[in-house]
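# Structural characterization, general
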Amino acid sequence: MILIDGKKVSADIKAELKIEIEELRLKTGKVPGLVVIIVGDNPASEVYVRNKHKSCVEVGINSIVVEMPAETTQEQLLEQVKYFNENPDFHGILVQLPLPKQINEDVIIRAIDPIKDVDGFHPTTVGEMVTGNPTYVSCTPAGVVELLARYDIDPAGKHVVIVGRSNIVGKPAALLLMQKKKFANAIVTVCHSAAKDISVYTKQADILVAAMGVPGFIKKEMVKEGVVVIDVGTNRIYDPTTKSGTRLVGDVDFEGVSQVASYITPVPGGVGPMTIAMLLKNTVKAFKEHGM
Ligand code: GUN
(Lines give C-alpha, C1' and ligand atoms only; values in the text may rest on other atoms or scores of the structure.)
Protein backbone atom coordinates (compact mmCIF):
# COMPACT_ATOMS: atom_id res chain seq x y z
CA MET A 1 0.00 0.00 0.00
CA ILE A 2 1.28 3.45 -0.93
CA LEU A 3 0.25 6.45 1.13
CA ILE A 4 -0.65 9.43 -1.07
CA ASP A 5 1.03 12.32 0.71
CA GLY A 6 -1.07 15.41 0.00
CA LYS A 7 0.95 17.49 2.41
CA LYS A 8 4.14 16.82 0.45
CA VAL A 9 2.52 17.37 -2.96
CA SER A 10 0.94 20.58 -1.71
CA ALA A 11 4.34 21.77 -0.42
CA ASP A 12 5.88 20.99 -3.83
CA ILE A 13 3.16 22.98 -5.62
CA LYS A 14 3.57 25.89 -3.23
CA ALA A 15 7.33 25.92 -3.85
CA GLU A 16 6.70 25.98 -7.62
CA LEU A 17 4.17 28.80 -7.25
CA LYS A 18 6.49 30.83 -5.04
CA ILE A 19 9.13 30.84 -7.79
CA GLU A 20 6.55 31.71 -10.44
CA ILE A 21 5.10 34.58 -8.37
CA GLU A 22 8.56 36.04 -7.77
CA GLU A 23 9.24 35.92 -11.52
CA LEU A 24 5.90 37.65 -12.18
CA ARG A 25 6.70 40.29 -9.58
CA LEU A 26 10.07 41.04 -11.19
CA LYS A 27 8.44 41.25 -14.61
CA THR A 28 5.35 43.32 -13.74
CA GLY A 29 6.06 44.93 -10.37
CA LYS A 30 2.80 43.38 -9.13
CA VAL A 31 1.73 40.22 -7.33
CA PRO A 32 -1.52 38.22 -7.38
CA GLY A 33 -4.12 39.36 -4.84
CA LEU A 34 -6.77 37.27 -3.09
CA VAL A 35 -9.55 38.49 -0.83
CA VAL A 36 -11.25 35.99 1.44
CA ILE A 37 -14.53 37.13 2.97
CA ILE A 38 -15.79 35.34 6.07
CA VAL A 39 -19.14 36.10 7.66
CA GLY A 40 -19.84 35.11 11.28
CA ASP A 41 -17.76 32.95 13.58
CA ASN A 42 -18.05 29.35 12.41
CA PRO A 43 -14.96 27.77 14.06
CA ALA A 44 -14.23 25.36 11.17
CA SER A 45 -14.46 28.23 8.65
CA GLU A 46 -12.12 30.33 10.79
CA VAL A 47 -9.50 27.56 10.69
CA TYR A 48 -9.87 27.12 6.90
CA VAL A 49 -9.59 30.87 6.28
CA ARG A 50 -6.54 31.19 8.53
CA ASN A 51 -4.82 28.34 6.66
CA LYS A 52 -5.65 29.89 3.28
CA HIS A 53 -4.21 33.23 4.38
CA LYS A 54 -1.07 31.63 5.79
CA SER A 55 -0.45 29.74 2.56
CA CYS A 56 -0.93 32.91 0.49
CA VAL A 57 1.68 34.70 2.58
CA GLU A 58 4.08 31.74 2.19
CA VAL A 59 4.02 31.92 -1.63
CA GLY A 60 3.89 35.71 -2.00
CA ILE A 61 0.21 36.24 -2.82
CA ASN A 62 -1.18 39.46 -1.39
CA SER A 63 -4.03 38.13 0.73
CA ILE A 64 -6.51 39.95 2.89
CA VAL A 65 -9.27 38.53 5.03
CA VAL A 66 -12.45 40.56 5.41
CA GLU A 67 -14.30 39.51 8.55
CA MET A 68 -17.96 40.45 8.71
CA PRO A 69 -20.27 39.94 11.72
CA ALA A 70 -22.82 37.10 11.87
CA GLU A 71 -25.72 39.56 11.49
CA THR A 72 -24.41 40.94 8.17
CA THR A 73 -27.23 41.38 5.65
CA GLN A 74 -27.21 40.01 2.14
CA GLU A 75 -27.03 43.58 0.79
CA GLN A 76 -23.98 44.39 2.91
CA LEU A 77 -22.18 41.27 1.69
CA LEU A 78 -23.17 42.03 -1.92
CA GLU A 79 -21.68 45.49 -1.52
CA GLN A 80 -18.35 43.97 -0.42
CA VAL A 81 -18.33 41.54 -3.33
CA LYS A 82 -19.09 44.38 -5.74
CA TYR A 83 -16.27 46.46 -4.24
CA PHE A 84 -13.74 43.68 -4.81
CA ASN A 85 -15.12 42.88 -8.29
CA GLU A 86 -14.06 46.40 -9.22
CA ASN A 87 -10.81 46.52 -7.25
CA PRO A 88 -7.88 45.78 -9.64
CA ASP A 89 -5.51 44.80 -6.81
CA PHE A 90 -7.50 41.63 -6.11
CA HIS A 91 -7.61 38.99 -8.83
CA GLY A 92 -9.45 36.36 -6.83
CA ILE A 93 -12.48 36.60 -4.54
CA LEU A 94 -13.49 33.81 -2.18
CA VAL A 95 -16.54 33.99 0.06
CA GLN A 96 -16.17 31.28 2.68
CA LEU A 97 -19.18 28.95 2.95
CA PRO A 98 -21.44 28.25 4.75
CA LEU A 99 -23.03 31.69 5.15
CA PRO A 100 -25.48 32.68 7.91
CA LYS A 101 -29.08 31.74 7.13
CA GLN A 102 -30.27 35.28 6.29
CA ILE A 103 -27.93 35.26 3.28
CA ASN A 104 -28.70 33.30 0.12
CA GLU A 105 -25.44 31.60 -0.90
CA ASP A 106 -26.54 31.27 -4.50
CA VAL A 107 -27.13 35.02 -4.80
CA ILE A 108 -23.66 35.75 -3.42
CA ILE A 109 -21.87 33.20 -5.63
CA ARG A 110 -23.62 34.62 -8.71
CA ALA A 111 -22.51 38.14 -7.72
CA ILE A 112 -18.79 37.26 -7.94
CA ASP A 113 -17.30 38.29 -11.28
CA PRO A 114 -16.51 34.96 -13.03
CA ILE A 115 -13.03 36.24 -13.95
CA LYS A 116 -12.29 36.42 -10.20
CA ASP A 117 -14.11 33.19 -9.26
CA VAL A 118 -11.06 31.26 -8.01
CA ASP A 119 -13.36 28.95 -6.02
CA GLY A 120 -14.99 27.82 -9.29
CA PHE A 121 -18.51 27.97 -7.84
CA HIS A 122 -20.19 30.50 -10.19
CA PRO A 123 -22.65 28.80 -12.59
CA THR A 124 -20.73 30.31 -15.52
CA THR A 125 -17.49 28.76 -14.27
CA VAL A 126 -19.19 25.42 -13.63
CA GLY A 127 -20.70 25.52 -17.14
CA GLU A 128 -17.32 26.17 -18.75
CA MET A 129 -15.82 23.29 -16.79
CA VAL A 130 -18.63 20.91 -17.80
CA THR A 131 -18.19 21.75 -21.46
CA GLY A 132 -14.42 21.23 -21.15
CA ASN A 133 -13.40 24.86 -21.69
CA PRO A 134 -10.46 26.38 -19.83
CA THR A 135 -11.68 27.92 -16.58
CA TYR A 136 -11.18 27.77 -12.82
CA VAL A 137 -11.80 24.25 -11.59
CA SER A 138 -13.12 24.21 -8.04
CA CYS A 139 -10.30 23.55 -5.66
CA THR A 140 -11.12 20.21 -4.05
CA PRO A 141 -11.95 18.30 -7.27
CA ALA A 142 -8.90 19.90 -8.92
CA GLY A 143 -6.84 18.71 -5.94
CA VAL A 144 -8.12 15.15 -6.36
CA VAL A 145 -7.10 15.07 -10.04
CA GLU A 146 -3.72 16.69 -9.27
CA LEU A 147 -2.98 14.07 -6.60
CA LEU A 148 -3.72 11.25 -9.04
CA ALA A 149 -1.53 12.91 -11.67
CA ARG A 150 1.41 13.47 -9.34
CA TYR A 151 1.32 9.79 -8.35
CA ASP A 152 1.04 8.82 -12.01
CA ILE A 153 -2.33 7.12 -11.46
CA ASP A 154 -4.05 7.57 -14.80
CA PRO A 155 -7.85 7.26 -14.49
CA ALA A 156 -8.26 6.74 -18.27
CA GLY A 157 -10.52 3.76 -18.88
CA LYS A 158 -10.72 3.01 -15.16
CA HIS A 159 -13.93 2.82 -13.19
CA VAL A 160 -14.04 5.79 -10.84
CA VAL A 161 -16.79 5.54 -8.25
CA ILE A 162 -17.65 8.75 -6.43
CA VAL A 163 -19.68 8.58 -3.25
CA GLY A 164 -21.42 11.91 -2.66
CA ARG A 165 -23.04 14.38 -5.04
CA SER A 166 -22.37 17.82 -3.56
CA ASN A 167 -21.95 20.85 -5.81
CA ILE A 168 -18.53 21.47 -4.24
CA VAL A 169 -17.02 17.98 -4.61
CA GLY A 170 -19.01 15.00 -5.94
CA LYS A 171 -20.63 16.57 -8.99
CA PRO A 172 -17.62 18.57 -10.26
CA ALA A 173 -15.23 15.66 -9.56
CA ALA A 174 -17.42 13.36 -11.68
CA LEU A 175 -17.59 15.86 -14.53
CA LEU A 176 -13.84 16.47 -14.46
CA LEU A 177 -12.86 12.82 -14.39
CA MET A 178 -15.13 11.86 -17.29
CA GLN A 179 -13.67 14.46 -19.64
CA LYS A 180 -11.75 13.36 -22.69
CA LYS A 181 -8.52 14.80 -21.34
CA LYS A 182 -5.23 13.75 -19.85
CA PHE A 183 -5.56 12.35 -16.33
CA ALA A 184 -9.31 12.01 -16.83
CA ASN A 185 -11.21 9.95 -19.44
CA ALA A 186 -12.58 7.65 -16.73
CA ILE A 187 -15.78 5.63 -16.59
CA VAL A 188 -17.54 7.42 -13.76
CA THR A 189 -20.31 6.29 -11.43
CA VAL A 190 -21.77 8.68 -8.87
CA CYS A 191 -23.62 7.08 -5.99
CA HIS A 192 -25.19 8.63 -2.91
CA SER A 193 -27.44 8.13 0.08
CA ALA A 194 -30.44 7.06 -2.03
CA ALA A 195 -28.68 3.79 -2.98
CA LYS A 196 -30.22 0.77 -1.23
CA ASP A 197 -26.83 -0.92 -0.93
CA ILE A 198 -23.98 1.42 -1.72
CA SER A 199 -21.38 -1.37 -1.58
CA VAL A 200 -22.81 -2.74 -4.86
CA TYR A 201 -21.20 0.32 -6.45
CA THR A 202 -18.15 0.87 -4.27
CA LYS A 203 -16.98 -2.74 -4.80
CA GLN A 204 -16.66 -2.04 -8.52
CA ALA A 205 -14.33 0.91 -8.07
CA ASP A 206 -10.80 0.93 -9.46
CA ILE A 207 -10.58 4.41 -7.98
CA LEU A 208 -12.92 5.37 -5.14
CA VAL A 209 -13.57 9.00 -4.21
CA ALA A 210 -15.30 9.26 -0.83
CA ALA A 211 -17.04 12.61 -0.43
CA MET A 212 -20.25 12.19 1.51
CA GLY A 213 -19.25 13.57 4.90
CA VAL A 214 -19.89 10.49 7.06
CA PRO A 215 -16.95 9.58 9.33
CA GLY A 216 -15.40 6.17 8.57
CA PHE A 217 -18.31 5.10 6.32
CA ILE A 218 -16.27 3.19 3.71
CA LYS A 219 -15.19 -0.13 5.21
CA LYS A 220 -12.74 -2.76 3.99
CA GLU A 221 -15.60 -5.08 2.93
CA MET A 222 -17.01 -2.40 0.62
CA VAL A 223 -13.99 -2.18 -1.72
CA LYS A 224 -12.00 -4.55 -3.89
CA GLU A 225 -8.37 -5.53 -3.46
CA GLY A 226 -6.00 -3.01 -5.08
CA VAL A 227 -8.44 -0.09 -5.12
CA VAL A 228 -7.08 3.49 -5.16
CA VAL A 229 -8.84 5.43 -2.40
CA ILE A 230 -9.16 9.21 -2.31
CA ASP A 231 -10.78 10.33 0.92
CA VAL A 232 -12.27 13.82 0.72
CA GLY A 233 -14.02 13.63 4.11
CA THR A 234 -12.99 16.04 6.84
CA ASN A 235 -15.10 15.20 9.87
CA ARG A 236 -14.27 16.42 13.35
CA ILE A 237 -15.21 13.73 15.84
CA TYR A 238 -15.20 13.56 19.63
CA ASP A 239 -12.05 11.94 21.04
CA PRO A 240 -11.34 12.40 24.74
CA THR A 241 -7.84 10.89 24.35
CA THR A 242 -6.60 13.95 22.42
CA LYS A 243 -5.58 17.30 23.89
CA SER A 244 -8.33 19.22 22.10
CA GLY A 245 -10.96 16.53 22.76
CA THR A 246 -11.60 16.14 19.03
CA ARG A 247 -9.93 14.51 16.05
CA LEU A 248 -10.17 14.88 12.28
CA VAL A 249 -11.22 11.75 10.38
CA GLY A 250 -12.15 11.02 6.79
CA ASP A 251 -15.12 9.22 5.22
CA VAL A 252 -12.98 6.08 4.96
CA ASP A 253 -12.15 3.64 7.75
CA PHE A 254 -8.44 4.10 7.12
CA GLU A 255 -7.22 1.25 9.29
CA GLY A 256 -9.36 -1.37 7.56
CA VAL A 257 -9.33 -0.05 3.99
CA SER A 258 -5.56 0.56 3.93
CA GLN A 259 -5.12 -3.22 4.29
CA VAL A 260 -6.62 -3.81 0.84
CA ALA A 261 -5.97 -0.55 -1.06
CA SER A 262 -3.03 -0.09 -3.44
CA TYR A 263 -2.98 3.67 -2.78
CA ILE A 264 -4.82 5.68 -0.13
CA THR A 265 -4.93 9.29 1.09
CA PRO A 266 -4.77 9.93 4.83
CA VAL A 267 -6.95 12.41 6.73
CA PRO A 268 -5.51 14.82 7.66
CA GLY A 269 -2.68 15.27 5.15
CA GLY A 270 -4.36 13.98 1.99
CA VAL A 271 -6.85 16.00 -0.04
CA GLY A 272 -7.13 18.86 2.51
CA PRO A 273 -3.76 20.53 1.80
CA MET A 274 -4.39 20.09 -1.94
CA THR A 275 -7.53 22.24 -1.80
CA ILE A 276 -5.45 25.19 -0.62
CA ALA A 277 -2.69 24.53 -3.18
CA MET A 278 -5.30 24.61 -5.97
CA LEU A 279 -6.75 27.88 -4.65
CA LEU A 280 -3.30 29.46 -4.83
CA LYS A 281 -2.87 28.07 -8.35
CA ASN A 282 -6.23 29.51 -9.44
CA THR A 283 -5.29 32.90 -7.96
CA VAL A 284 -2.03 32.96 -9.94
CA LYS A 285 -4.00 31.98 -13.07
CA ALA A 286 -6.44 34.86 -12.43
CA PHE A 287 -3.52 37.28 -12.12
CA LYS A 288 -1.83 36.05 -15.30
CA GLU A 289 -5.04 36.25 -17.32
CA HIS A 290 -6.59 39.43 -16.01
CA GLY A 291 -4.16 41.26 -13.73
CA MET A 292 -1.06 41.98 -15.75
N1 GUN B 1 -16.34 25.81 2.70
C2 GUN B 1 -15.82 24.56 2.70
N3 GUN B 1 -15.03 24.39 1.62
C4 GUN B 1 -15.05 25.54 0.94
C5 GUN B 1 -14.41 25.99 -0.25
O6 GUN B 1 -13.66 25.26 -0.94
N7 GUN B 1 -14.67 27.26 -0.61
C8 GUN B 1 -15.49 28.06 0.09
N9 GUN B 1 -15.70 29.30 -0.37
N10 GUN B 1 -16.10 27.70 1.19
C11 GUN B 1 -15.87 26.44 1.61
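Structure report, in brief. Nothing here was measured: the structure is a model prediction, and the numbers come from that model. (Residues numbered from 1 in each chain as written. Predicted model: local features only at pLDDT ≥ 70, side-chain atom pairs only at ≥ 80, totals over all residues. Heavy atoms only, no water.)

With that settled, the discussion passes to the overall build of the protein chain. Along its length, the protein chain carries 10 helices and 11 strands. Its C-alpha atoms give the protein chain a radius of gyration of 19 Å, within 12% of the compact-globule value 19 Å for 292 residues. Dimensions of the protein chain along its principal axes, counting C-alpha atoms only, are 50 × 40 × 35 Å. A separation of at least 24 residues holds for 70% of the contacts in the protein chain among residues at least 6 apart in sequence. (Helix = DSSP H or I, 4+ residues; strand = E, 2+ residues; numbered from the N terminus. Rg over C-alpha atoms; globule rule 2.2 N^0.38 Å. Contact = heavy atoms within 4.5 Å.)

Turning our attention to the environment of K288. Within the secondary structure, K288 sits in helix α10 (residues 271-290). For the pair formed by K288 and H91, sequence separation is 197 residues and the distance between their alpha carbons is 9.2 Å.

Attention shifts here to the sheet that holds strand β2 (residues 33-39). Sheet strands associate in pairs through backbone hydrogen bonding, adopting either a parallel or an antiparallel arrangement. Reading across from one edge, β3-β2-β4 is the order of the 3 strands in this open sheet, with parallel pairing throughout. The open sheet has two edge strands, β3 (62-68) and β4 (92-95), and neither has a second partner. In this sheet, adjacent strand axes meet at a mean angle of 15 degrees when their direction is disregarded. As judged from the 7 bridges shared by β2 and β3, these two strands associate in the parallel manner. Bridge pairing in β3 links V36 to V65. (Pairing = 2+ DSSP bridges. Axes fitted to C-alpha atoms, helices over the stretch in contact; angles between N-to-C directions.)

With respect to the helices and strands, the residue T72 is situated in the loop between β3 and α3 (74-86). For T72, a relative accessible area of 2% corresponds to the buried category. A polar contact is formed between the side chain of T72 and the backbone oxygen of P69, at a distance of 2.5 Å. Not counting residues within four places of it along the chain, the set of residues in contact with T72 comprises V39, L77, Q102 and I103. (Buried < 20%, exposed > 50% of the residue type's maximum accessible area, 1.4 Å probe, protein only. Polar contact = N/O pair within 3.5 Å; in protein donor to acceptor, adjacent residues only side chain to side chain.)

Around the ligand sit L94, V95, Q96, L97, D119 and F121, and those are all the residues in its vicinity. Q96 places a polar side-chain atom, nitrogen or oxygen, 3.2 Å from a nitrogen atom of the ligand. Within the complex, the protein chains bury 82% of what would otherwise be the 280 Å² of accessible surface of the ligand. For the shell around the ligand, the per-class residue count stands at 4 nonpolar, 1 polar and 1 charged. (Near = heavy atom within 4 Å. Areas by Shrake-Rupley, 256 points an atom, 1.4 Å probe, with all protein chains shown as cover. Nonpolar A, V, L, I, M, F, W, Y, C, P; charged D, E, K, R; others polar.)

Okay, the pattern of salt bridges next. Summed over the entire model, instances satisfying the criterion amount to 11 salt bridges. Between R25 and E22 there is a salt bridge; the shortest N-O distance is 2.8 Å. Here R25 pairs with E22, and both are found in helix α1 (residues 6-28), just 3 residues apart, close to one helical turn. On the basis of relative accessibility, which here comes to 34%, the residue E22 falls in the partly exposed class. A salt bridge links D106 to R110; its shortest N-O distance comes to 3.0 Å. Pair noted here: D106 and R110 are both in helix α4 (residues 105-111), with a separation of 4 residues, about one helical turn. (Salt bridge = Lys/Arg side-chain N within 4 Å of Asp/Glu carboxyl O.)

Tallying each qualifying case throughout the model produces 0 disulfides. You can see C139 has no disulfide; the closest cysteine sulfur is in C56, sitting 11 Å from it. In this structure C139 comes out as buried when scored by relative accessible area, which is 4%. (Disulfide = S-S within 2.5 Å.)

Next up on the list: the packing of helix α6 (residues 139-150) against α10. In contact at an axis separation of 8 Å, α6 and α10 are set at 105 degrees when each is read in the N-to-C sense. With respect to α10, the axis of α6 lies roughly perpendicular. Counting all contacts with α6, which are made through C139, T140, A142, G143, V144, E146 and L147, the residues of α10 involved are V271, M274, T275, M278, L279, K281 and N282. Considered class by class, the residues forming the contact of α6 with α10 number 8 nonpolar, 4 polar and 2 charged. (Parallel < 35°, antiparallel > 145°, perpendicular 65-115°, else oblique.)

Structural measurements only, silent on function.
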